[in-house]
Each structure stands twice: as structure tokens, then as C-alpha cells.
Amino acid sequence: MGSFQMPANFPSSALPESSCAYLLQELKMIWDEVGQDQLERERVLLELEQECLEVYRRKVDSANISRVRLHQALADSEAELTNLLLSLGERSLPGRPEKLTGTLKEQLDSITPALREMQLRKEVRMNQFQEVQTQIQRISSEIAGHSEYDSVVVNEGDLSLKKLEEHQHELQRLRKEKSDRLRKVEEYINEVHNLAETMGMDSSKIITDVHPSLLHGSSGQQSKNISDTILDRLKSTVQQLKDEKQKRMEKLHRLGKALTNLWNLLDTPMEDQQPFSHIKFFSSSASVNYTLGPGSLTLDIIHQAESEVERLDQLKASKMKELFFKKQIELQGICKKSHMEVPSQSEMENIMKLIISGEMDHSDLLTCMEEHICKAKEEACSRKDIMEKVEKWMASCEEERWLEEYSMDENRYSVSRGAHKNLKRAERARIIVNKIPALVESLMTKTKIWEEERKKVFLYDEAPLLAMLQQYTFLRQEKEEEKYRQRERKKVQAQVAAKQDSFSSRPNSSASHLPNRSLNSSFSSYSPSHRRLSTMNQHLRSKLNSATRGPNYNKMGRKKQVESMLVKHNHARTFRTETASEISATFSGPSSP
């Protein structure tokens with residue numbers, strides 16, 4: 001077990017009682033006496049060896065830490081000495097050894113005196129910087145407008161003589177800046193006085209709003225605030241006054257031009273123009289470089305000019321409204337005659353707003369309305385052929401509706417006054433109705449061609465014409481299918497009636513009652529179906545009539561009708577299925593016995 005093993009013949013009396021070997025020998029004797037297993041002995045010896053190594057390691061680590069601390073203290077002292085030399089702007093210190101020798105403690109003792117000398121030099125230089133920077137801070141606070149200033153914090157990283165000279169130059173610069181700022185303040189105040197006098201403002205109030213010390217301070221005493229904030233406020237105030245002056249001149253320039261234009265447009269007499277002759281001067285280009293006198297740009301002058309322009313604009317707007325309404329009526333007449341979409345109310349309202357606000361000129365209004373009218377006439381001309389066919393289709397639909405009502409009249413063949421006229425009209429109506437599919441097909445073709453050429457939807461009283469035609473075609477097809485189903489139902493009823501007659505002629509027996517009951521149930525099954533058919537006919541007729549009402553065909557109604565086409569198609573398919581089941585039940589009834 002390494003160092004813990006010892007010779008077997010080594011006498012135990014030669015070992016001191018406090019040594020490790022003696023203790024090991026005594027432990028071995030105990031093990032021999034006890035009869036301890038060899039593996040257990042080795043394990044215990046290994047643990048003892050590990051514990052001894054840990055004790056040695058702790059001692060070594062403690063010694064290393066002490067050495068590191070000495071190295072760190074020596075490095076800190078050297079670094080501090082180097083920083084002091086750099087901070088004071090000196091390259092080296094006389095008497096300082098260039099290379100340290102000896103133990104760590106000897107090296108640390110040799111560098112300590114030099115470090116203390118440099119610390120004393122730094123303290124003296126810090127006082128010099130403190131004095132100069134304090135003066136700089138005080139003057140800077142005065143320039144900044146602060147009555148108090150913060151304590152000076154000297155930068156210990158740079159205490160060289162060069163830096164000290166820079167601070168002295170900075171102090172001279174600040175003293176010069178004070179005099180320059182006082183001069184700028186006086187220039188700004190004089191400029192505020194001149195601008196305020198031209199525009200009729202109170203210059204004292206304007207300057208007091210910037211800072212009260214500017215109005216009552218004198219140049220001989222440092223009582224005026226000359227901070228950067230005050231200078232910026234004065235500069236901003238002067239710029240605002242200049243901008244306001246420019247705005248008023250531009251406003252009077254526009255008002256002068258507006259007055260001139262309105263006078264020329266309305267033929268205003270010279271005696272009415274005379275009170276505003278001074279405003280007319282601003283409309284010329286010569287007014288830009290002209291030196292304005294006191295009170296020449298006051299708000300009263302501008303308000304007088306604005307009131308006069310507003311009065312003349314209202315007079316002009318009233319005349320333009322009359323012209324606008326006249327052109328609007330003409331445009332609406334063209335659109336209504338051709339069932340076109342009338343220009344939106346919002347567009348007309350916008351034009352009216354432009355007229356009221358004066359943003360639209362007389363010539364612009366004429367041009368705008370003439371463009372609308374020309375476009376409406378051109379579109380009406382392109383719709384003429386289609387509109388003729390639409391009117392023809394509307395008339396044919398009216399004849400179709402009359403023919404349906406006439407066909408439902410049970411007394412149409414009775415001998416009464418005017419009955420022969422109705423018969424002749426019914427013959428003419430049938431001819432017209434037979435031509436409706438071809439007319440609708442031709443109308444749809446022309447409408448599609450028109451929409452492709454114009455890249456827009458053909459509207460008839462704000463409704464898509466193609467949608468109206470497609471809906472009509474769908475309803476007409478549904479009506480034809482319903483007529484076909486009615487004819488088939490009549491055939492079935494005739495067959496059932498014939499079979500019923502044949503059964504009733506046989507001898508009365510128990511077997512003959514079954515077909516009668518079956519037939520009765522078959523006939524009774526027709527009544528709900530017939531009621532549904534009647535309801536559908538009424539529904540289809542109402543839809544067809546609404547599709548042929550022309551101008552009364554409102555937009556929301558058409559939209560709901562188009563949306564309900566799919567629902568009606570499903571209802572018709574369900575109805576055909578029920579009819580087929582009824583016919584099947586009818587034929588299966590008599591064969592049951």
C-alpha cells in the first residue's frame with residue numbers, strides 16, 4: 001500500500017508513539033489478533049492514504065494563496081505608480097529602480113516610497129485643477145442661466161500641465177461668449193420690437209413671455225438671462241413673428257387677388273372697390289420688397305378683407321348654385337330617360353360643397369357638369385338599341401301576365417259584351433309570348449357584348465339587366481315544368497277515374513272494397529300536392545310580375561329574388577319527387593287485391 005507498508009521484521013520499539021509508522025504497526029497487530037480480512041485491510045489503508053493527501057493539499061493551497069496575494073499587492077502598487085505618472089504627464093520618477101529584485105516582500109518595500117511621493121504630487125496638481133475648473137463651472141452656470149452650480153469633479157485620469165492650459169483657454173473663451181450672448185439678446189429684442197410694431201402686437205408682452213429679465217435688465221449689469229434656452233426662445237420668437245408676417249402678407253396677397261377676380265367676375269363698381277384699395281396693393285409683385293409701415297399687417301385689415309371676400313363669394317356661390325341645379329336637372333333627365341344610373345348623391349354633394357367653400361371656380365363647374373352630361377348622352381346613345389328591346393320585352397311580359405290571368409278566368413268563353421275582343425287579344429298575346437324566349441336570348445347577347453365593350457355592368461334602374469333576364473328565364477322554365485306536371489297529373493287522374501268506373505260496375509263483394517279505398521286514398525293524396533302547386537304558381541307569378549315592373553323594380557327586391565333562385569330550384573326538385581311518388585302510389589293502389 002505504498003508508503004503505509006513497512007518491513008515485517010522492523011521492531012516496534014524503535015518507532016515513536018506519535019509517528020504514523022508506529023500507529024500502522026499497532027493497527028496491524030490488532031488486525032492480526034482479530035483476524036481481519038486482507039481486502040478490508042487494504043481498503044482501510046487506502047482511505048488513510050487519501051486522508052493524508054487531502055491534508056497536504058490544503059497546506060499547499062494555503063501557501064499558494066499567500067503568494068498570490070503578495071503578487072497582487074506588488075502588481076497593484078506598480079499599476080498605481082504607472083497610472084500616477086501617466087495622469088501627471090511624467091515619464092519616470094527619479095530614484096525609482098528600473099527593475100525590482102529580491103523576494104516579493106522586499107520588492108513591495110522598495111516601491112512604496114516612490115508611490116507615496118507621486119501621491120503627494122497628484123494632490124498638489126488636483127488643487128490647481130480644482131481652482132481653474134471651479135471658475136469654468138461658475139461662468140458656465142451663468143451662461144446656462146443657473147443661479148447655482150454643481151461641485152467640480154476633477155478628472156484624475158488626466159492631470160497634465162497641457163490639460164491645465166486647455167482649461168485656462170476654455171475660461172477665456174467662456175468670458176468672450178458672455179459678451180457675444182449679450183449682444184445677440186439685444187439684436188433679438190430690437191427685431192421683436194420692429195416686427196410687433198408692423199403687425200400691431202404688444203412687443204413688451206412678447207418679450208416678457210420669453211423671460212421677464214429681458215425687459216427690465218440693462219447692459220451694464222448681468223441681470224439679463226443669456227442662457228442657451230433664452231437665446232433659442234428669442235430666436236424661435238423672432239422666427240415665429242417672421243413666419244406670421246409672411247403668412248399675413250401671403251394671405252393679403254391671396255385676398256387681394258381674390259377681390260380683383262371677384263370684382264371682375266361680378267362687375268363691381270369702382271366706388272365699392274375704393275375702401276379696399278390698400279389690400280389690392282398686396283396682390284402685386286412689388287409688395288414683396290416694399291418696406292411696410294407700422295400697423296400695415298394688423299388683424300383688423302385682414303378681417304375686413306376676409307369679410308368682403310366672403311360676401312362676394314356668397315354672391316358668387318348663389319349664382320353658381322343656380323347654374324349647378326340647372327345642369328343637374330338636365331343630367332338627371334338624360335339618365336332617367338335611358339334608365340341609367342344617376343350620378344351618386346355623394347358626388348353631387350361634393351360638388352355642392354366645393355361650390356359653397358369656394359374651391360370650385362365658375363369655369364371648373366361648367367367643365368365638370370358638361371363632362372357628366374356628355375358622358376351620359378354618349379352612354380344613352382350606346383344603350384338605345386338595348387333599351388328598345390327592353391321596352392319590347394317589358395310589354396311582352398305584361399301581355400304574358402294578362403294572358404295568364406285571362407286563362408284562369410272560367411267565364412272567358414261565355415257570351416258577354418266584349419268577349420270577342422278578349423279572344424282576339426288572347427290570340428295576339430299568345431303570338432307575342434311565343435316570341436319572348438328569342439327576344440330574351442337576343443337581349444342577353446347584346447347586353448353581354450355591351451358589357452364587354454364598356455367593361456362595366458349594364459344597369460336598368462340601378463339593377464343588373466343580365467340578372468333580371470336570367471331570373472326571368474329561370475322562372476319561365478319553372479312555369480313550363482309546372483304546366484307539364486299538371487298535364488301529367490290530369491292524365492293520371494283520368495286513368496284512375498276510368499279504373500274506378502270499371503271496378504264500380506262489378507258485383508258488390510268484399511274484395512271490391514279494397515280498390516275503392518285505395519283509389520280514394522290516391523285521390524285524397526292529390527289535394528295537398530295540388531295546393532302546393534297552386535301556391536308555387538302564385539309565387540312564380542308574383543316573382544315574374546316583380547321582374548317586369550320596370551322603374552318600380554327596386555334594388556333590394558331584385559337582390560333577394562336572385563338569392564332565392566337556388567332555394568326555389570330545390571323546392572321544385574322536391575316537388576317533382578313527391579309527384580312521382582304520388583303517381584306510383586296511384587298505380588299501385590288498384591293492384592293490391
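Residues numbered from 1 in each chain as written. Predicted model: local features only at pLDDT ≥ 70, side-chain atom pairs only at ≥ 80, totals over all residues. Heavy atoms only, no water.

Q: Is there a simple way to explain helix 5 (residues 203-210) in this structure?
A: Side chains that are three or four residues apart share a direction in an α-helix, a result of its 3.6 residues per turn. Within helix 5, the full set of buried residues consists of Ser203, Ile206, Ile207 and Val210. The buried residues of helix 5 all sit within an arc of 95° when viewed along its axis, so they share a single face. Facing away from the buried side of helix 5 by over 90 degrees, the exposed positions are Lys205 and Asp209. (Buried < 20%, exposed > 50% of the residue type's maximum accessible area, 1.4 Å probe, protein only. Helix = DSSP H or I, 4+ residues; strand = E, 2+ residues; numbered from the N terminus. Arc of directions from axis to C-beta.)

Q: Teacher, can you tell me more about the nonpolar core here?
A: Side chains that are nonpolar tend, in soluble globular proteins, to be buried together. With 34 residues, the main nonpolar core has Val185, Leu214, Leu234, Leu252, Leu259, Ile279 and Leu297 as its most contacted residues. Excluding residues that lie within four positions of it along the chain, leucine 252 makes contacts with Ile279, Phe282, Ser296, Leu297, Ile301 and Ile302. Core analysis: the next-biggest nonpolar cluster, separate from the first, contains 26 residues, Ile386, Met387, Val390 and Leu466 among them. (Core = buried A, V, L, I, M, F, W, Y, C linked by side-chain atoms within 4.5 Å. Contact = heavy atoms within 4.5 Å.)

Q: Teacher, can you tell me more about the side chain of asparagine 225 here?
A: Considering the arrangement of structural elements, one finds asparagine 225 in the loop between helix 6 (213-216) and helix 7 (228-266). Since its relative accessible area comes to 14%, asparagine 225 is described here as buried. Only 3.5 Å separates the side chain of asparagine 225 from the side chain of histidine 211, close enough to count as a polar contact. Only 2.9 Å separates the side chain of asparagine 225 from the side chain of serine 227, close enough to count as a polar contact. With residues up to four places along the chain from it excluded, the contact list for asparagine 225 reads Gly145, His211, Ser213, Leu214 and Ile230. (Polar contact = N/O pair within 3.5 Å; in protein donor to acceptor, adjacent residues only side chain to side chain.)

Q: Looking at this model, I keep getting lost on the packing of helix 4 (residues 161-199) against helix 5. Mind explaining?
A: The relative placement of two packed helices is expressed as an angle between their axes plus a distance between the axes. Here helix 4 crosses helix 5 at 140°, and the two axes come no closer than 9 Å. Taken as axis vectors, helix 4 and helix 5 run oblique relative to one another. Seen from above, helix 4 lies across helix 5 with right-handed handedness. Listed contacts from helix 5 to Ile189, Val192, His193 and Ala196 of helix 4 are Ser203, Ile206 and Ile207. (Axes fitted to C-alpha atoms, helices over the stretch in contact; angles between N-to-C directions. Parallel < 35°, antiparallel > 145°, perpendicular 65-115°, else oblique. Left-handed = near helix turned anticlockwise from the far one by under 90°.)

Q: Before we go on, may I ask you to explain unusual backbone geometry in this structure?
A: Negative phi values dominate among residues other than glycine, just as trans dominates among peptide bonds. Although it is not a glycine, lysine 455 sits at a positive phi angle of roughly 60°. Looking at the secondary structure, you find lysine 455 in the loop between helix 15 (436-454) and strand 1 (459-460). Judged by relative accessible area, which is 72%, lysine 455 ranks as exposed.

Q: Help me understand the confidence of the model for the protein chain in this model?
A: On average, the protein chain scores 76 in pLDDT, and the residues at 70 or more come to 75%. Here residues 218-222 is modelled with pLDDT under 50, and outside its nearest four sequence neighbours on either side it reaches three contacts, counting other chains as well. In the model, residues 507-593 has pLDDT below 50 throughout and makes 111 contacts with residues more than four positions away in sequence or in other chains. (pLDDT = per-residue confidence, 0-100.)

Q: Please clarify how the state of the cysteines should be interpreted in this entry.
A: Note on terminology: disulfide describes a covalent bond linking the sulfur atoms of two cysteines. One pass over the full model with this rule turns up zero disulfides. Cysteine 52 provides the cysteine sulfur closest to cysteine 20, a residue in no disulfide bond, and the two sulfurs are 5.6 Å apart. Accessibility expressed as a relative area gives 55% for cysteine 20, which makes it exposed. (Disulfide = S-S within 2.5 Å.)

Q: Please clarify how the packing of aromatic side chains should be interpreted in this entry.
A: Two aromatic rings, taken as a pair, are described by how far apart their centres are and by the angle between their planes. Applying the stated criterion across every chain, the model contains three aromatic pairs. When the centroid spacing of 5.1 Å and the interplanar angle of 10° are considered together, the rings of tryptophan 402 and tyrosine 406 count as stacked. Of this pair, tryptophan 402 and tyrosine 406 both sit in helix 13 (residues 384-407), four residues apart, roughly one helical turn. Between the aromatic rings of tryptophan 450 and phenylalanine 458, the centroid separation amounts to 4.8 Å while the plane-to-plane angle is 80°, which identifies the pairing as edge-to-face. Its relative accessible area of 0% is what places phenylalanine 458 among the buried residues. (Phe/Tyr/Trp six-rings, centres within 6.5 Å; stacked < 30°, edge-to-face > 60°.)

Q: Explain the packing of helix 1 (residues 20-34) against helix 2 (residues 38-88) to me, please; I cannot follow it from the model alone.
A: Taken N-terminus to C-terminus, the directions of helix 1 and helix 2 make an angle of 160°; their axes are 12 Å apart at the nearest point. By the angle class used here, helix 1 and helix 2 are roughly antiparallel. When the axes of helix 1 and helix 2 are compared, the crossing they make is right-handed. Only Arg41, Val44, Leu45 and Leu48 of helix 2 make contact with helix 1, whose side of the interface consists of Leu24, Leu27, Trp31 and Asp32. When grouped by side-chain class, the residues that make up the contact of helix 1 with helix 2 number six nonpolar, no polar and two charged. (Nonpolar A, V, L, I, M, F, W, Y, C, P; charged D, E, K, R; others polar.)

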